[in-house]
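Here are the chains, one letter per residue:
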Amino acid sequence: MKRILQVSLLLLSFTAITVSCKKEKKQAQPPVEVPPPPKPTYEYGFNLLEYNVVKDTLKTGDTFGAILNDQHISPQKVAEITEKSKELLRPKDFRAGQPYALIFDKKMPDSLAYFIYQPNLLNFIEVRLKDSISVRKIERKVTIVEREGGGYIKNNLIEDVMKSGMSFSAAYKLSQIFDYTIDFFHLQEDDKFKIIYDERYVDDTINAGLVRVKAAFFEHKGKPFYAFNFETDTVNHKWGYYDENGNMMKRMFLKSPLDIFRITSHYGMRYHPILHRMKGHFGTDYAAPTGTPIRATANGTVTQAGYSSGNGNYVKIRHDKTYETQYLHMSKIIARRGQHVSQGDIIGLVGSTGLATGPHVCYRFWKNGVQIDPLKERLPEATPIDAKLKPRYLKFVEPLKKQLDAVPYTNIQTIEIEDAKDGDIVDSLQTN
């Protein structure tokens, strides 16, 4: 009996220890973590947890009605929707290549809930189809971001500005600002540039283009050039570019009739490539691809626009009592005789009509009825800013110039690196 009692006590002790260990183990287990609910993301203002967004672009021949028909919407309802949306969704604005989206409610995945059309980056048209029909134009969130950068000329302006981390639009605008003062055909290696500009961003991520260049700098052959954008008329919001002393950057004449070019023949005697003899060449030949726009180099009136066997298609412009210019060998004439043109207006396209061996524009220049070489002529100087505005301008420019001077240059170094696999050459960008 005594032995049985001892065994019973032993069993009770073992059971108590086991239960105690199980309780300890159970208490030691970490709590179960509940995953947080997924964060909503939005597109065109729709929560993607609740809606499916199907994106596409318009093809040639697509119409609003045809897209709705493909979604099994009845002809009667299509007619009603088209009528209600005609003010904001006009057929002429419905162009191939433009993006659109079909929005489906996940609770009703087979029924189109909304149609979105995006005519540009800054806004979109929303057509509500479920329940009652409504149409509205929605402006997207736009922010303005100031950017700055600088670099050196290694190849050409556009390419080197972009390699320095700036946009094509900024590079092109920089060339326009200094179009009157710098001959971009004769840039030297290690000429320098700096720029401060504003860019527009949609929804904080999509670059919607250049707003304006606020300040720019260019050093050519060791000579510095500054340009600042200043509002000269606060009522009509007119702006212009002026140097650090208040002289207008814009001159009476542009440096050349083309944006991008190479000079293939200068003014003077030369061996004519077609006539095969020495002949006076009283113009400057700017070579460029066929179809390149040709610009009027100054304001004026078109006095001639036609064709001759030597000149091909050509345009002649009288600018004032002193100056005339002529543009030869066009593939297409755009300006009309008697038309007033402004500086920079497109008057024709580069071609090779008449006596020409390849696409180019022969640019001729007259002063007081005598043909001269415009590249050697001292043309009219810049117009200074209105004396009443100058104190305000100089005060406005002072902090911008300090900011511009502090912008670092991006040094573009091309380093040949042979990849172990394919031997590609890569460019290394190093910022000083």
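Residues numbered from 1 in each chain as written. Predicted model: local features only at pLDDT ≥ 70, side-chain atom pairs only at ≥ 80, totals over all residues. Heavy atoms only, no water.

Peer 1: Quick rundown of the overall build of the chain? Include the residues and the values.
Peer 2: Looking only at helices and strands, one finds 6 helices and 26 strands in the chain. A buried classification covers 38% of the 432 residues belonging to the chain. For the chain, restricting intrachain contacts to residue pairs at least 6 apart in sequence, the fraction spanning at least 24 positions comes to 60%. Counting only carbon and sulfur atoms, one obtains 53% of the accessible surface of the chain, whose full area is about 25500 Å². (Helix = DSSP H or I, 4+ residues; strand = E, 2+ residues; numbered from the N terminus. Buried < 20%, exposed > 50% of the residue type's maximum accessible area, 1.4 Å probe, protein only. Contact = heavy atoms within 4.5 Å. Areas by Shrake-Rupley, 256 points an atom, 1.4 Å probe, with all protein chains shown as cover.)

Peer 1: Pulling in residues and values, what's your account of helix α3 (residues 75-85)?
Peer 2: Those residues of α3 that fall on the buried side of the exposure criterion are Val78, Ile81 and Ser85. Down the axis, α3 shows its buried residues gathered within 65 degrees of arc, on one side only. Looking at α3, the residues exposed on the side facing more than 90 degrees away from the buried face are Pro75 and Gln76. Packing partners of the buried residues in α3 comprise α2 (64-70), β6 (123-128) and β7 (134-139). (Arc of directions from axis to C-beta.)

Peer 1: Account for the sheet that holds β6, with residues named and values stated.
Peer 2: In space, the 5 strands of this open sheet follow the order β3-β4-β5-β6-β7, with antiparallel pairing throughout. Looking at which strands have only one partner, the edges of the open sheet turn out to be β3 (51-57) and β7. Neighbour to neighbour, the strand axes of the sheet diverge by 20 degrees on average, direction disregarded. Two elements, strand β4 (residues 99-105) and strand β5 (residues 112-117), share 5 bridges in a ladder whose sense is antiparallel. Across the sheet, the residue bridging to Tyr100 is Tyr117, located in β5. (Pairing = 2+ DSSP bridges. Axes fitted to C-alpha atoms, helices over the stretch in contact; angles between N-to-C directions.)

Peer 1: Could you give me a rundown of the side chain of Gln118, with the residues and numbers involved?
Peer 2: For Gln118, the location among the structural elements is in the loop between β5 and β6. Look at Gln118 and you get buried, because its relative accessible area is 9%. Of the polar contacts made by the side chain of Gln118, one reaches the side chain of Tyr44; its length is 3.2 Å. Discounting residues that sit within four places of it in the chain, Gln118 has contacts with Tyr44, Gln98, Pro99, Asn123, Phe124 and Arg140. (Polar contact = N/O pair within 3.5 Å; in protein donor to acceptor, adjacent residues only side chain to side chain.)

Peer 1: An account of the packing of aromatic side chains is requested, with residue identities and associated values reported.
Peer 2: Under the defined criterion, the tally for this structure stands at 22 aromatic pairs. Taken together, a centroid distance of 5.2 Å and an interplanar angle of 40 degrees make the contact between Tyr152 and Tyr409 tilted. Of this pair, Tyr152 sits in strand β8 (residues 142-152) while Tyr409 sits in the loop between α6 (390-406) and β25 (410-413), and the two are 257 residues apart along the sequence. Here Tyr152 falls in the buried class, since its relative accessible area comes to 17%. (Phe/Tyr/Trp six-rings, centres within 6.5 Å; stacked < 30°, edge-to-face > 60°.)

Peer 1: Can you explain the pattern of salt bridges? Please cite residues and give values.
Peer 2: Enumeration according to the criterion identifies 18 salt bridges in this entry. Note that Arg136 is salt-bridged to Glu126, the shortest N-O span being 3.0 Å. Linking Arg136 in strand β7 with Glu126 in strand β6, this pair joins segments that are 10 residues apart in sequence. It is possible to trace a salt-bridge network through shared partners that takes in Glu146, Asp198 and Lys214. (Salt bridge = Lys/Arg side-chain N within 4 Å of Asp/Glu carboxyl O.)

Peer 1: Got a sec to walk through unusual backbone geometry? Specific residues and values, please.
Peer 2: For His72, which is not a glycine, the phi torsion comes out positive at approximately 60 degrees. Positive phi values are uncommon outside glycine, yet Asp203 reaches one of about 55 degrees. In this structure, Asp203 sits in the loop between β9 (192-202) and β10 (206-220).

Shape descriptors only; they carry no functional weight alone.
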